[in-house]
Every structure is written in structure tokens, then in C-alpha cells.
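Structural overview for review
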Amino acid sequence: MTTSHRSVRVERESEGHYVAHNGRGGSIRFGNGDDEFSPVELLLAAIGGCTAIDTDMATSRHIEPDEFAVIVSGDKVSDRESGNRMENLTVTFTVRFPGGEQGDVARTILPRTVALSHDRLCTVSRTVERGTPVRMVIE
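Residues numbered from 1 in each chain as written. Predicted model: local features only at pLDDT ≥ 70, side-chain atom pairs only at ≥ 80, totals over all residues. Heavy atoms only, no water.

What about the pattern of salt bridges?
Per the stated rule, a full pass over the model turns up six salt bridges. Between Arg9 and Glu11 there is a salt bridge, with its nearest N and O atoms 2.8 Å apart. Notably, a salt bridge pairs Arg29 with Glu13, separated by 2.8 Å at the nearest N-O pair. Separated by 16 residues along the polypeptide, Arg29 in strand 3 (residues 27–31) and Glu13 in strand 1 (residues 8–14) bring together distant segments of the chain. According to the relative accessible area criterion, Glu13 is partly exposed, its value standing at 41%. The network of salt bridges with common partners includes Asp79, Arg85 and Glu87. (Salt bridge = Lys/Arg side-chain N within 4 Å of Asp/Glu carboxyl O. Helix = DSSP H or I, 4+ residues; strand = E, 2+ residues; numbered from the N terminus. Buried < 20%, exposed > 50% of the residue type's maximum accessible area, 1.4 Å probe, protein only.)

Here it is in C-alpha cells:
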């Protein structure tokens, strides 16, 4: 087993508007504005993005897809007793490859690469499924 530490810094820009920065210089704005991603949507995007990268890397070695989209959906539950959460998460792939031998290979390995991402590779969805504890600290 190997481990590598990851972190992001979230800073408040104004009430309800934030920006997350990673150590490599990337940033993403989010918040509760109409034109922004919410934190829940970022979670869905992280799940979809993680498994999309795994799957795309494996299949596009053979041929570029004609279409590649991943939709992640679920139900946001607000429950006074057990707290807010997401349930019924579903990741739906729409992937189409050109005809021919290389397209056939990509179509053949697609189900296996999606399963491998789900079962072993996608850190985000695996973390959600395992229910990893989150520790809160106030400095």
C-alpha cells in the first residue's frame, strides 16, 4: 500500500461564493449562485470526472470516441434525524466509437474499464462507497 497526501484550500470570496485552489495552481469557483456549481454538484462532477478519466484513458488508446459523456445523478435527502446526504447515485456513460477494428476493441473493453474504475481505480467513488470518516478541525 502507498499513500500520498492531497489537499485543497477553500477561500471565501464573498457571502456564498468560494474558490478552491490546489497545489498545482488550479482553481475552481463554486457557491450558491445561479451560475455556479454547488458543493453537491462538485461531488457529482468529481465522481463522474474520476471514472471518466479512467475509462477514457483505457479506451482512447485504441481510438478516439465519437461521443463521450458521463451523467452522474442522485437524490439529495434532507432528513432532520440522520442529516443531509445524497442517495441513489448513478453514473451513466454514453460512449460511441467509430466503426472498424479499433472501434470494436474499444467497445469490447468499455464495460471492463468502467467496472475496473468502479471496483478499484476511482478514488472518489470508492471513498464515497466506503464511507470514509471526515474529521473537522478548528484552528
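The rest of the description comes next.
Considerations on the packing of helix 2 (residues 101–121) against helix 3 (residues 123–130)
Two elements in contact, helix 2 and helix 3, have axes whose closest approach is 7 Å; the angle formed by their N-to-C orientations is 55 degrees. Taken together, the axis directions place helix 2 and helix 3 in an arrangement best described as oblique. Here Ser117, His118, Asp119, Arg120 and Leu121 of helix 2 come into contact with helix 3, specifically with Thr123, Arg126 and Glu129. Here the contact of helix 2 with helix 3 is built from residues that sort into one nonpolar, three polar and four charged. (Axes fitted to C-alpha atoms, helices over the stretch in contact; angles between N-to-C directions. Parallel < 35°, antiparallel > 145°, perpendicular 65-115°, else oblique. Contact = heavy atoms within 4.5 Å. Nonpolar A, V, L, I, M, F, W, Y, C, P; charged D, E, K, R; others polar.)

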